Every structure is written in C-alpha cells, then in structure tokens.
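Understanding the architecture of this molecule
Each chain, written out:
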Amino acid sequence: MKKILLVSAVLSGMLFAHEGHQFDPKSQQHLVIPMEQLSEKGNMKVGEVVAIETNYGVAFFPNLKGIEAGMHGFHIHVNPDCGATEKGLGMKAGGHWDPTDTKKHSFPWDDKGHKGDLPALFADHDGNAVYPVLAPKIKKLDELKGHSLMIHVGGDNHHDHPKPLGGGGPRLVCGVIN
C-alpha cells in the first residue's frame, strides 16, 4: 500500500515538473479552496488548495501547514459542508463523491469507482503539504463546485478491503468548494 501511495505522489510531482507547470492566477481559471483543520474546539485555518484544469485532469496545488506528517487520504465529498454531526467531525460533508453511483472505492485513475477518489496527499515532516495532486477523473472545475475537499488521517489503499473506503482514518482537514 505504501508503495502505491508513494508512486502516486511521485508521478504527480514528476508530471508538473516535466511540463514546467507553474500556476499563474492572472491567466488561468482556478478555484481557491480554503482548508480548515477539524477540531471539537473549533476549526482552524491551515491554508488553501488551488484547483486548476490541465490537459490531464484537474490538478490540486495544496499550500497547507501544520497538518500531521505522512500520507493522507484525499477525496472530494458529496456535500459543501464541513460541519460535525453526532457521528464525528466533518461528517456533514457526506461520503465520497460518486455521481454514477458505483458504490466502489477505487484508484484515482480507475473510472469504475468514486469520481471523488483522489491520489494521496503528502505532508512533510514539518506538516507542510505542497506537492501537487492530479485527479485524472475530474476534467472541469465546475464539476467540483457544491462539494467539499477532505483530507483524512493516514493513507488510503484505494480499495474497500480489508477496510471500507481505503482504510483511511478520521476526517482531519476540510474545505468547502464554492
């Protein structure tokens, strides 16, 4: 599982390095998604993620600080709400975005599963997440509007076995996509 997550992160970084891709907010259509760490004591802003369209799908450029180091599950969730319910923090976001009702957790490049399944997000040893993530299933920014972007504690194996939804942990960071 760790190899798959690492390869996903490395390939995303190599894609943009190879293209010499740099984000220019003045000339590229983009979405800025403010991100907050979820807490029972009140959510705290930890940065933002900028989403842009590329020839290969939508790319997410995180600029996050102070999150737990390591690999994290990264998903688009159904609802544009990061609020808590009696079931836990961030649960108002609903489940992973699955517009074709596949009911299957899958790899980010596999069209047979949730459209909201993204490659893993990596945070360095200082808790900074700045490496881009490419979502090849998502082609247009408009598809993202009216949903939320969620970061889970721990990695994601992109399968429903041995644990549902990739075995990721609780919801850690969330942002509403307008």
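All figures in this text were calculated on a predicted structure; none of them were measured in a lab.

What counts and how
Residues numbered from 1 in each chain as written. Predicted model: local features only at pLDDT ≥ 70, side-chain atom pairs only at ≥ 80, totals over all residues. Heavy atoms only, no water. Helix = DSSP H or I, 4+ residues; strand = E, 2+ residues; numbered from the N terminus. Buried < 20%, exposed > 50% of the residue type's maximum accessible area, 1.4 Å probe, protein only. Areas by Shrake-Rupley, 256 points an atom, 1.4 Å probe, with all protein chains shown as cover. Salt bridge = Lys/Arg side-chain N within 4 Å of Asp/Glu carboxyl O. Core = buried A, V, L, I, M, F, W, Y, C linked by side-chain atoms within 4.5 Å. Contact = heavy atoms within 4.5 Å. Polar contact = N/O pair within 3.5 Å; in protein donor to acceptor, adjacent residues only side chain to side chain. Pairing = 2+ DSSP bridges. Axes fitted to C-alpha atoms, helices over the stretch in contact; angles between N-to-C directions. pLDDT = per-residue confidence, 0-100. Phe/Tyr/Trp six-rings, centres within 6.5 Å; stacked < 30°, edge-to-face > 60°.

Here we take up the overall build of the protein. A count of helical and extended segments in the protein gives 1 helix and 9 strands. In the protein, the succession of helices and strands from N to C terminus is α-β-β-β-β-β-β-β-β-β. When burial is assessed residue by residue, the protein has 47% of its 178 residues classed as buried. For the protein, the exposed area adds up to about 9200 Å²; of that, 56% sits on carbon and sulfur atoms.

A separate point is the pattern of salt bridges. Per the counting criterion, the structure on display carries 3 salt bridges. Ionic pairing is found between lysine 140 and glutamate 53, a salt bridge with its closest N-O pair at 3.7 Å. Of this pair, lysine 140 sits in the loop between β7 (133-135) and β8 (147-152) while glutamate 53 is found in strand β2 (residues 44-54), placing the two residues 87 residues apart along the sequence. The class of glutamate 53 is partly exposed, set by a relative accessible area of 27%.

On to the nonpolar core, then. Counting 27 residues, the largest nonpolar core has Met35, Phe60, Leu64, Ile76, Leu144 and Leu149 as the members making the most contacts within it. In contact with leucine 64, not counting residues within four places along its chain, are Met35, Val46, Gly47, Glu48, Val49, Leu121, Gly127, Asn128, Ala129 and Ile151.

Positionally, histidine 77 belongs in strand β5 (residues 74-77). Exposure remark for histidine 77: the relative accessible area of 0% places this residue in the buried category. Within polar-contact distance, the side chain of histidine 77 engages the backbone oxygen of glycine 94 at 2.8 Å. At 3.5 Å, the side chain of histidine 77 forms a polar contact with the backbone oxygen of glycine 95. Those residues in contact with histidine 77, other than ones at most four positions away along the chain, are Ala93, Gly94, Gly95, His96, Trp97, His147, Ser148, Met150, His152 and Arg171.

Bringing the sheet that holds strand β9 (residues 171-177) into the picture now. Backbone hydrogen bonds hold the strands of a sheet together, and the pairing may be parallel or antiparallel. On the basis of which strands lie adjacent, the open sheet formed by 7 strands has the order β5-β8-β9-β1-β2-β3-β7 and antiparallel pairing. One side of each edge strand has no neighbouring strand; the edge strands of this open sheet are β5 and β7. Across the sheet, the mean angle from the axis of one strand to that of its neighbour is 25°, orientation sign disregarded. As paired elements, strand β1 (residues 30-37) and β9 share 2 bridges and run antiparallel to each other. Paired with glutamate 36 across the strands is cysteine 174, a residue of β9.

Right, let's talk about the confidence of the model for the protein for a bit. Mean pLDDT over the protein: 83, with 75% of residues reaching 70 or higher. The low-confidence segment residues 1-20 (pLDDT under 50) makes 24 contacts with residues lying over four places distant or belonging to another chain.

Within the secondary structure layout, proline 170 lies in the loop between β8 and β9. The exposed category is assigned to proline 170, whose relative accessible area is 56%. Other than its neighbours up to four places away in sequence, proline 170 contacts Ile151, His152 and Val153.

Our focus in this paragraph is the pairing of β1. Only one face of β1 is covered, namely the face carrying Leu31, Ile33, Met35 and Gln37; the face carrying His30, Val32, Pro34 and Glu36 is uncovered. Looking at chain direction, β1 and β2 are connected through 8 bridges and run antiparallel. Residue pairing for β2: glutamine 37 is matched across the bridge by methionine 44. Once β1 ends, the chain turns through 6 residues before running back antiparallel as β2, passing glycine 42 with a positive phi of about 120°.

Moving on, we come to the environment of leucine 141. By secondary structure assignment, the location of leucine 141 is in the loop between β7 and β8. Taking the C-alpha atoms as reference, leucine 141 lies 9.6 Å from alanine 59; in sequence the two are 82 residues apart.

With that out of the way, let us pick up the packing of aromatic side chains. How two aromatic rings sit relative to each other is given by the distance of their centres and the angle of their planes. Per the stated rule, a full pass over the model turns up 2 aromatic pairs. Both rings, one in phenylalanine 60 and one in phenylalanine 74, keep their centres 5.9 Å apart while their planes meet at 80°; by these two values the pair is edge-to-face. Linking phenylalanine 60 in strand β3 (residues 57-64) with phenylalanine 74 in strand β5, this pair joins segments that are 14 residues apart in sequence. For phenylalanine 60, a relative accessible area of 0% translates into the label buried. Measuring from centroid to centroid gives 5.8 Å for phenylalanine 122 and tyrosine 131, while their planes differ by 45°, and the two rings are tilted. Given the relative accessible area of 45%, tyrosine 131 is considered partly exposed.

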